[in-house]
Amino acid sequence: MRKPVIAGNWKMYKLVADAVATALALKPLVANANHCEVLIAPPFTAIKTVADRLEGSNVRVAGQDCSTESEHGAHTGEVAADMLRDAGASYVIVGHSERRQLYSETDTFVNRKARVGLAAGLTVILCIGETLEQREGGIAERVVSRQLTGGLRDLTASDLDRIIIAYEPIWAIGTGLTATPEQAQEMHAFVRRVFAERHSEPSAGRLRILYGGSVKPDNITGLMKQTDVDGALVGGASLEAETFAQIVNYNR
Ligand code: PGA
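Residues numbered from 1 in each chain as written. Predicted model: local features only at pLDDT ≥ 70, side-chain atom pairs only at ≥ 80, totals over all residues. Heavy atoms only, no water.

(A) Region of the structure containing the packing of aromatic side chains. With the rule as written, the count across this model stands at one aromatic pair. Over the ring of W10 we find K14; its NZ or CZ atom is 5.2 Å from the centre of that ring. Sitting over the face of the ring of Y250, R252 holds its NZ or CZ atom 5.8 Å from the ring centroid. (Phe/Tyr/Trp six-rings, centres within 6.5 Å; stacked < 30°, edge-to-face > 60°. Lys NZ or Arg CZ within 6 Å of the ring centre and 35° of its normal.)

(B) Quick look at the nonpolar core. I6, I40, V50, I165 and Y211 are the most contacted members of the largest nonpolar core, which totals 71 residues. A per-element tally of this core places helix α9 (residues 181–198) first, with seven residues. I40 has contacts with G8, W10, A23, L26, V50, L54, V59, R60, V61, A62 and F244, leaving out every residue within four places of it along the chain. (Core = buried A, V, L, I, M, F, W, Y, C linked by side-chain atoms within 4.5 Å. Buried < 20%, exposed > 50% of the residue type's maximum accessible area, 1.4 Å probe, protein only. Helix = DSSP H or I, 4+ residues; strand = E, 2+ residues; numbered from the N terminus. Contact = heavy atoms within 4.5 Å.)

(C) Region of the structure containing the sheet that holds strand β1 (residues 5–9). Strand order in the closed barrel made by the eight strands is β1-β2-β3-β4-β5-β6-β7-β8, with parallel pairing throughout. In this sheet, adjacent strand axes meet at a mean angle of 25° when their direction is disregarded. With five bridges connecting them, strand β5 (residues 123–128) and strand β6 (residues 163–167) associate as parallel partners. Bridge pairing links V124 to I163 in β6. Sitting on the sheet, α9 touches β5, β6 and β7 (208–212), and the angle it makes with β7 is about 145°. (Pairing = 2+ DSSP bridges. Axes fitted to C-alpha atoms, helices over the stretch in contact; angles between N-to-C directions.)

(D) Spatial organisation of the pairing of β1. Summarising burial for β1: five of the five residues are buried, a large majority. Side chains V5, A7 and N9 project from β1 onto one buried face, and the interleaved I6 and G8 project onto a second face that is buried too. One ladder, built from five bridges, connects β1 with strand β2 (residues 37–41); its direction is parallel. Each bridged residue has a counterpart across the sheet, and for A7 the counterpart in β2 is L39. A crossover connection joins β1 to the parallel β2 through helix α1 (residues 16–29); in handedness this β-α-β unit is right-handed. Here β1 runs beside strand β8 (residues 231–234); their pairing, made up of four bridges, is parallel. Bridged to V5 within β8 is G231. (Right-handed = clockwise from strand over helix to strand, strands pointing away.)

(E) Representation of the pattern of salt bridges within the structure. Taken as a whole, this structure holds 16 salt bridges when the rule is applied. A salt bridge links E69 to R112, with the nearest nitrogen and oxygen atoms 3.1 Å apart. Of this pair, E69 sits in the loop between β3 (59–63) and α3 (81–87) while R112 sits in helix α5 (residues 107–119), and the two are 43 residues apart along the sequence. On the basis of relative accessible area, R112 is assigned to the partly exposed category, the value being 32%. Of the charged contacts in the structure, one is a salt bridge between R192 and D228, with a shortest N-O distance of 2.6 Å. Of this pair, R192 sits in helix α9 while D228 sits in the loop between α11 (220–224) and β8, placing them 36 residues apart in sequence. For the pair R192 and D228, one class covers both residues: buried. (Salt bridge = Lys/Arg side-chain N within 4 Å of Asp/Glu carboxyl O.)

(F) Broad picture of the site of the ligand. Taken together, 13 residues lie near the ligand, and K11, H96, E168, G174 and S214 sit nearest. Within the contact set of the ligand, an oxygen atom lies 2.7 Å away from a backbone nitrogen or oxygen of S214. G235 has a polar backbone atom sitting 2.8 Å from an oxygen atom of the ligand. Protein contacts shield 96% of the accessible area of the ligand, which totals 280 Å² for the unbound molecule. (Near = heavy atom within 4 Å. Polar contact = N/O pair within 3.5 Å; in protein donor to acceptor, adjacent residues only side chain to side chain. Areas by Shrake-Rupley, 256 points an atom, 1.4 Å probe, with all protein chains shown as cover.)

(G) Region of the structure containing α9. The first and last C-alpha atoms of α9 sit 26 Å apart over 18 residues, in line with the 26 Å expected at 1.5 Å per residue. Within α9 the residues assigned to the buried category are A184, Q185, M187, H188, F190, V191, R192, V194, F195 and A196. (Expected span 1.5 Å × (residues − 1).)

(H) Highlighting the side chain of E130. Mapped onto the elements of the fold, E130 is located in the loop between β5 and α6 (132–136). For E130, the side chain forms a polar contact with the side chain of Y167, separated by 2.9 Å. A distance of 3.0 Å separates a polar atom in the side chain of E130 from a polar atom in the side chain of W171. Once residues lying within four places of it in the same chain are set aside, the contact partners of E130 are R135, A140, V143, V144, Y167, P169, I170, W171 and M187.

Here you go:
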């Protein structure tokens, strides 16, 4: 049995006071959500305060990104994975499409981030997903397979148990245009198959694959009914505690 993961990605939203208020509002609303792991990814500046205030609750904290460098040093503007851990995060998101598209991150880069995240003891959420152009051009699977393989290069078998994949078709992010449950299922099954071929059937069987892209309270249940959908990475709809809690407490 794979335990679902419902993760909120706050992107570049929320000053510390708002982040804390949202986290504290969320806490009681999801306190009984034993069916899944619940996590939120505040901006770097709010991680420590939010994590402190959530201590003892079932809500975990994630970083939205980390440096490719594991050694502390002269890397202005970067945040090392162990700094995230130190601030109270236990997960890190790497390779989000906004990082790939707006900041030119390559699979090699994303792979380094995944490796340093794992080395720092974090669980890594690796994001993959095709553009609309790639889907319409019939190369969505090729793109996703390349991102998966590139992102997971040189990971050990035990590393793989601390990897979560988030399939986020770029055409569905922030657009209100969700993939249908069938489209999500089809790609998730493909991802699991590629993972099994590259690694092993048992580790593929344990791999959690989240769907992301305009997940809302009214479409989460249909997505979660799919065999290979093991949770969601939620952007816009995670910014408000009540809405995010409705997604966490989807109809099971
Ligand atoms: P969205 O974002 O839910 O606002 O589409 C998802 C994401 O970027 O992780």
